[in-house]
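Inside the fold
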Amino acid sequence: MPEKIESILQKYSRGQDELIPILQGVQKEFGYISLESVKKISRYLRITENQIYGVSSFYAQFRFTSPGRHLIKACRGTACHVRGAQRILEEVKKQLGITEGETTPDLEYSLETVACIGCCALAPCIMINEEVHGRLSDKGVANIFSKKGTEGESDDTN
């Protein structure tokens, strides 16, 4: 990890205006901004770790914990909202035992909500990695996660 951070830092000048591109580069490489990364960025840019946290915590795009192997995006768009997005989100939370912004202890799943995933005709829906699960019901959500640890298709609507 240290060599990768160093290679990312070498792509940028030491100007403070490089902070966000550096953070984006680190997150792209590792999936999150680790404490070790913050310390190295702090030394490289000659700014405090608090300054880095102040900037990075302002933007929702940055994570400070390792993401799960599977990222779940629960849609909160208008079509999903009207068709029960909140109920679907509650079922996902119940199945995984986590809430928005959290990752399961086994690092298998991370859960976040998004404004819209662009599949309004399939509302309510969620995405797991790049796969859309639409026209969901409580039972459909339970079916998806009853197959935890296995990859593959699920019958989302039952």
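Read on for an overview of the structure. Bear in mind that the values here come from a model prediction, so they are computed numbers and not experimental data. (Residues numbered from 1 in each chain as written. Predicted model: local features only at pLDDT ≥ 70, side-chain atom pairs only at ≥ 80, totals over all residues. Heavy atoms only, no water.)

What follows deals with the pairing of strand β1 (residues 70-75). With six bridges connecting them, β1 and strand β2 (residues 109-114) associate as parallel partners. Directly across from alanine 74, in β2, lies its bridge partner threonine 113. Pairing between β1 and strand β3 (residues 126-128): three bridges, direction antiparallel. In the sheet register, isoleucine 72 faces β3, and the bridge partner there is isoleucine 128. (Pairing = 2+ DSSP bridges. Helix = DSSP H or I, 4+ residues; strand = E, 2+ residues; numbered from the N terminus.)

Once that is clear, we can look at the side chain of arginine 63. Mapped onto the elements, arginine 63 comes out in the loop between α4 (49-56) and β1. No salt bridge is formed by the buried arginine 63. Its closest oppositely charged neighbour is glutamate 112, at 4.5 Å. A polar contact of 3.5 Å, which involves the side chain of arginine 63, links it to the backbone oxygen of threonine 65. In this structure the side chain of arginine 63 is engaged in a polar contact, spanning 3.5 Å, whose partner is the side chain of threonine 103. When sequence neighbours within four positions are dropped, the list of residues in contact with arginine 63 reads Gln27, Gly31, Tyr32, Ile33, Thr103, Ser110 and Glu112. (Buried < 20%, exposed > 50% of the residue type's maximum accessible area, 1.4 Å probe, protein only. Lys, Arg positive; Asp, Glu negative; His and termini not counted. Salt bridge = Lys/Arg side-chain N within 4 Å of Asp/Glu carboxyl O. Polar contact = N/O pair within 3.5 Å; in protein donor to acceptor, adjacent residues only side chain to side chain. Contact = heavy atoms within 4.5 Å.)

Further remarks concern the side chain of serine 37. Positionally, serine 37 belongs in helix α3 (residues 35-45). For serine 37, the contacting residues outside a window of four places in its chain are Ile5 and Val26.

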